[in-house]
Structures are given as C-alpha cells and as structure tokens.
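Structural description and commentary
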Amino acid sequence: MELLERFAAGDLEAFEALFRQHQKEVYAWVVRIVRDTGIAEDLTVETFWRIYKSRARFDPAGNFRAWARRIATNAALDHLRHSRRETGLPEDLPCAPGADPAIRRETRERIKQAFFQLPPKYRLVATLALVEEEPYNDIAEAAGISVALVKVRVFRAVRMLRKKLSPLVAEVATK
Amino acid sequence: MNNEENSKEVNALVRAAIAPVKDTELRRDLWPQMLRKLDEQSVPAFHVPWFDWALAAILGAVLVFFPSSIPALLYHL
C-alpha cells in the first residue's frame, strides 16, 4: 500500500513519515504568516494534529502538500483571530534586507501597528502578498479562495491602511 | 495625490517597514511534540457528538410524556 493510502487508513508510521517529510515546509509557510518562531512551531504541530484527525477525509490520490498547506493557513488564520485581542506586535524576526533603514523607528512602528491591526483575513493575504511577495495563485490555493478574491482582499487591506496612514503617507511624500 | 498613487505609497511604506522573514528554517524536529499532542488528545474510537445526545434526550422525553406518539414514531422509522 502507498504511503498516503496507509496514512488515510490510520497508520501512525505513515503519518510519522509524512510529518517528517513536510514539517519544514509547513513551518516555513506558517512562520511567514505569524512572524514568531515559537508560535509557528506550535501551529505546525496543530496543523499536523488537524491533518491526523481528518485523515479519513483525505483522498490518497490527492496532493498532500497542497492539503497540508491549506490546513496550515487555516490554523494560522485561527491564531491571528485569537491573538487579535492581544495588542502586542509580533516579535521582530531576522528579516531579509528590505526594511528601509531610512524610515524612522517611530514611523516604522506606526506602519507595523496599522498593519498588524488589520482584520485577520486581510492581514493574512496582505502579509503573504505585500510583505512576502508570494504569487497570488499560491495564496489563493493555500487560503482556499479564488485569485480574484485574493486581489480584492489585498486591495481592501491597502485601502484600510491608506485610511489609517494617510497623514503619514503625505508626510513621507513631502520629504 | 490620487488613490492609485496613494496605494502605491502605502505598499512602498509597508515594504519599507516590514521586511520578509529571512530565516524560515525549522531548527528542531517537532515529532516528539507531535507525539505528546497525539497522546494528550487522542480521539476515542467511538465518539458521539453532544447534539446527538441532546436529540436522544429530547426524543426520550417526548416518548415518556407522550407515549401515544410511539406508534407514530415506529411508523416513520
């Protein structure tokens, strides 16, 4: 029997093999969304727990990677919904060169504050599209929505940010 | 400044303030943590959801208080 068939049948060894094959990829996806290594590890385990619980619904002929990524995205979105009440910003992870050092710390904090206060479903697509620059197709597949809806959510997220940051935009533009 | 230009400015500001996560490497194997979670939250082989119990309780109450409904129920089964 193939690995995926054995997993769907409830074989724990098959699940372990899949876990070891995909844990890094799931973690790498989730950490981009939540931007916290500890939370991303917990959510990776939560994702595989959900995968294990729903194994009977998985079609062994299907794409496990895509299925896992969708479940991981939902787990990350649930986390964003629950953590929204907590006002703290995600910790600063080591980031790729890209954050402009010319932007003053205070300005950067205001932008971050506005960004992390976006409603979770908008923050999810805005993080992946604007910050991580993931292709819209990948975001749509992971979030289980159409590419058109991803574009709409990015557009609305930018509009919300524009409202919150309009004085700042004008200020930066005049400099 | 029109809305389109303004949106571009916002995009640029977001990119300048929040950089992509560089280090996405998983540092440790999470399987032991996964095993703990499986042990803690193992699903019973036979699990009846709460709403099924509620439905059974309502049905039981109806049968006790309205025994005349039993033939009707049997007819519909």
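So, a few notes on the structure that sits alongside this text. (Residues numbered from 1 in each chain as written. Chains lettered and ligands numbered in written order. Predicted model: local features only at pLDDT ≥ 70, side-chain atom pairs only at ≥ 80, totals over all residues.)

**Here we look at helix α6 (residues 120–131) of chain A**
Taking burial as the measure, the 12 residues of α6(A) include 10 buried ones, the bulk of the element. Of all the positions in α6(A), only Tyr122(A), Arg123(A), Leu124(A), Val125(A), Ala126(A), Thr127(A), Leu128(A), Ala129(A), Leu130(A) and Val131(A) are classed as buried. (Buried ≥ 20, exposed ≤ 12 C-beta atoms within 10 Å, placed from the backbone. Helix = DSSP H or I, 4+ residues; strand = E, 2+ residues; numbered from the N terminus.)

**Thoughts on helix α2 (residues 12–34) of chain A**
Each full turn of the α-helix corresponds to 3.6 residues, which orients residues three or four apart in the same direction. Between the first and last C-alpha of α2(A) there are merely 29 Å, a value that for 23 residues lags more than 12% behind the 33 Å anticipated at 1.5 Å per step. At His22(A), α2(A) is deflected by roughly 50 degrees, the largest bend along its length. If you check which residues of α2(A) are buried, you get Phe15(A), Leu18(A), Phe19(A), Gln23(A), Val26(A), Tyr27(A), Trp29(A), Val30(A), Val31(A), Ile33(A) and Val34(A). Residues of α2(A) that are buried sit in contact with α1 (3–8), α3 (37–53), α4 (64–83) and α6 of chain A together with α2 (31–40) of chain B. Count one or two residues on from α2(A) and you reach Arg35(A), which has phi positive near 55 degrees. (Expected span 1.5 Å × (residues − 1). Bend = angle between axes of the 7 residues up to and from the residue. Contact = placed C-beta atoms within 7 Å.)

**What to know about the environment of Ile58(B)**
Looking at where Ile58(B) falls in the secondary structure, it is placed in helix α3 (residues 50–65). C-alpha of Ile58(B) to C-alpha of Leu30(B): the two residues are 28 residues apart in sequence and 45 Å apart in space.

**Here's the deal with the packing of α4(A) against α6(A)**
A packed helix pair is summarised by two numbers, namely the angle formed by the two axes and the spacing between the axes. Residues and elements named next belong to chain A. At a closest axis distance of 9 Å, the pairing of α4 and α6 adopts a crossing angle of 125 degrees. The angle between α4 and α6 places the two elements in the oblique class. For the pair α4 and α6, the crossing hand works out as right-handed. Contacts between α4 and α6 involve Leu77, Leu80 and Arg81 on the former and, on the latter, Pro120, Lys121, Arg123 and Leu124. In terms of residue class, the contact of α4 with α6 is built from four nonpolar, no polar and three charged. (Axes fitted to C-alpha atoms, helices over the stretch in contact; angles between N-to-C directions. Parallel < 35°, antiparallel > 145°, perpendicular 65-115°, else oblique. Left-handed = near helix turned anticlockwise from the far one by under 90°. Nonpolar A, V, L, I, M, F, W, Y, C, P; charged D, E, K, R; others polar.)

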